[in-house]
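# Notes for the structure review
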Amino acid sequence: MSNLEKEPLEVVERPGPRLAGHLELLEPREVPLGGPRAMSVRRTLPQRSRSLIGAWCFVDHYGPDLVSARGGMVVPPHPHTGLQTVSWLFSGEIDHRDSVGSHAPVRPGELNLMTAGSGVSHSELSTLTTTVIHGAQLWLALPEGSRHIAPAFEHYAPPAVEIGGATVRVFIGSLAGSTSPALAFSPLVGAQVDVAPFAAIHLAVNPAFEHGVLLDSGSLSVDGEDVPVAHLAYREPGASVLRIEAGADGARLLLIGGAPFGEQIIMWWNFIGRTHDEIVRFRDEWQADVVAGARDDGRFGRVTGYVGQPLPAPELPGVRLKLRG
Ligand code: MN
């Protein structure tokens, strides 16, 4: 997915994080994806009060949206650097094409992981048979030692692991005895957890990790504190168990976590870098090589099979981009 905010650097000013006990509740904000009948996403990361949870640096949650009403997902070729995109669906299907040469469907319960490394471009379109689109896209920041690697694409369908009151699908990292083979570049975890109605589970987690719980649907408390739908509850490192309880409808949630990233990054539009000048260079190369069509063998390669024009980058702000995190 692409970040189409007009001011992609600036994070909307909000009141500070709402504290619920020792949890921090990150509220979603609506961000349109662009286009005439644009679908919008609920973004809970980054925000002013928090840029990262482990290496997780971007959390967009969307749907369920009727494609007939809102046009579905139509994201033309756009670039990424210095990150991995994690595509995860609850319903619908997305057609993914990238400059590595991958052409793959994104399906519910199956991970599509694209490692941008030094640079990649991709397009995402909901398929013609998709009537309802519902899912999340998350980004992982690559640490300094890995952020210039060659781009890559992986697919993984995790098994559904029953842990008594909940079903866990671990798409990256390890949890509940399930380990994903997906390539991660810092210690982290990501999983879908479906909690049965009125079930209370004690989920063993890595105490060195900070965690975020995004409630997709149902009703949920984490460590005794209610988490509203579409909110991301943040818990700092230190405890080895997350207490998760569902209400009458059960709860479907995404759990993300990781070792505190420990590096500052610059996120602007679809790029992650370390300096203002580096981001300017990424933007210039995208505009010259791909948008203006100068070459197919540049940093961002070329997405083949997509009918239509690539997304031009927004204008850079008039001030120098700042490190965050
Ligand atoms: Mn993208």
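All residue numbers here refer to positions counted from 1 along the written sequence of the relevant chain. Where local features are concerned, this predicted model is filtered to residues with pLDDT of at least 70; where side-chain atom pairs are given and counted, the filter is 80 or more; whole-chain, interface and lining totals use all residues. With hydrogens and water set aside, each side-chain value is computed from the structure's full complement of heavy atoms.

### Observations concerning the overall build of the protein chain
- Numbering of helices and strands runs from the N terminus, with a helix taken as a DSSP run of H or I at least four residues long and a strand as a DSSP run of E at least two residues long. When helices and strands are tallied, the protein chain shows 2 helices and 25 strands.
- Radius of gyration: C-alpha atoms only; globule rule: 2.2 Å multiplied by the number of residues to the exponent 0.38. Taking 20 Å as the expected radius of gyration for a compact globule of 325 residues, we find that the protein chain reaches 19 Å, a close match to that expectation.
- Projected onto its principal axes, the C-alpha coordinates of the protein chain cover approximately 60 × 40 × 35 Å.
- When the 325 residues of the protein chain are sorted by exposure, 56% land in the buried category.
- For the protein chain, the share of sequence-separated contacts (at least 6 apart) that also reach a separation of at least 24 residues comes to 72%.
- Seen as two clouds, the 26 positive and the 35 negative side-chain charges of the protein chain have centres 3 Å apart. Burial status follows relative accessibility: with a 1.4 Å probe on protein chains alone, a residue under 20% of its type maximum counts as buried, one over 50% as exposed, and anything between as partly exposed. Residues count as neighbours in contact if any of their non-hydrogen atoms are within 4.5 Å of one another. Only four residue types enter the tally: Lys and Arg on the positive side, Asp and Glu on the negative side, with His and both chain ends excluded. To locate a charge, the coordinates of NZ of Lys, CZ of Arg, CG of Asp or CD of Glu are taken.

### Thoughts on the pattern of salt bridges
- Criterion for a salt bridge: a side-chain nitrogen of Lys or Arg within 4 Å of a carboxyl oxygen of Asp or Glu. According to the stated counting rule, one finds 18 salt bridges in the structure shown.
- Here E24 ties to R50 by a salt bridge, and the two come within 3.0 Å at their closest N and O atoms. Note that E24 is positioned in strand β2 (residues 23–26) and R50 in the loop between β4 (40–45) and β5 (56–66), a separation of 26 residues in sequence. When sorted by exposure, E24 lands in the same class as R50, which is buried.
- Here R274 makes a salt bridge to E144, at a shortest N to O gap of 3.5 Å. Within this pair, whereas R274 is found in the loop between β25 (271–273) and α2 (276–291), its partner E144 is found in the loop between β12 (132–141) and β13 (152–156), the two being separated by 130 residues in sequence.
- The exposure class assigned to R274 is buried, which follows from its relative accessible area of 12%.
- Judged by relative accessible area, E144 falls into the partly exposed class, the value being 38%.
- Salt bridges linked by common partners bring E144, R147, E263, R274 and E278 together as one network.

### What about the sheet that holds strand β8 (residues 94–98)?
- Between any two strands, pairing holds if DSSP finds at least two bridges. One open sheet accounts for 4 strands, arranged β6-β11-β8-β9; its pairing is antiparallel. With one partner strand each, in any of the chains shown, β6 (74–80) and β9 (103–106) form the two edges of the open sheet. Averaged over all neighbouring strand pairs, the angle between strand axes comes to 20 degrees, with direction disregarded.
- By the bridge criterion, 5 bridges tie β8 to strand β11 (residues 120–126) in an arrangement that is antiparallel. When the bridges of β11 are listed, D98 appears paired with H122. Between the N-to-C directions of two axes lies an angle of 0 to 180 degrees, each axis being a line fitted to C-alpha atoms and, for a helix, fitted only over the stretch in contact.

### Observations concerning the packing of aromatic side chains
- What counts as a ring pair is set by centres within 6.5 Å for rings of Phe, Tyr and Trp (its six-membered ring), and what kind of pair is set by the plane angle: stacked under 30 degrees, edge-to-face over 60, tilted for all other angles. On inspection of all chains with the given rule, the structure shows 8 aromatic pairs.
- Taken together, a centroid distance of 5.7 Å and an interplanar angle of 50 degrees make the contact between F271 and F282 tilted. With a gap of 11 residues between them, F271 in strand β25 and F282 in helix α2 connect regions that are remote in the sequence.
- Using a relative accessible area of 0% as the deciding quantity, one classes F271 as buried.
- Residue F282 is classed as buried on the basis of its relative accessible area of 4%.
- Where W286 meets F300, the ring centres are 5.7 Å apart and the plane angle is 85 degrees; that geometry is what we call edge-to-face. Taken together, the positions of W286 in helix α2 and F300 in the segment after α2 put the pair 14 residues apart, joining distant regions of the chain.
- Residue W286 is classed as buried on the basis of its relative accessible area of 0%.
- A residue is classified by how much of its surface remains accessible, and F300, at 1% relative accessible area, is buried.

### Looking at the sheet that holds strand β10 (residues 111–115)
- Taken in spatial order, the 7 strands make up an open sheet running β3-β4-β5-β12-β7-β10-β13, and their pairing is antiparallel. Looking at which strands have only one partner, the edges of the open sheet turn out to be β3 (29–32) and β13. Within this sheet the neighbouring strands show an average axis-to-axis angle of 20 degrees, counted without direction.
- Pairing of β5 with β12, which is carried by 8 bridges, proceeds in the antiparallel orientation. By the bridge assignment for β12, D60 is matched with Q137.

Spatial relationships are all this shows, so hold off on functional conclusions.
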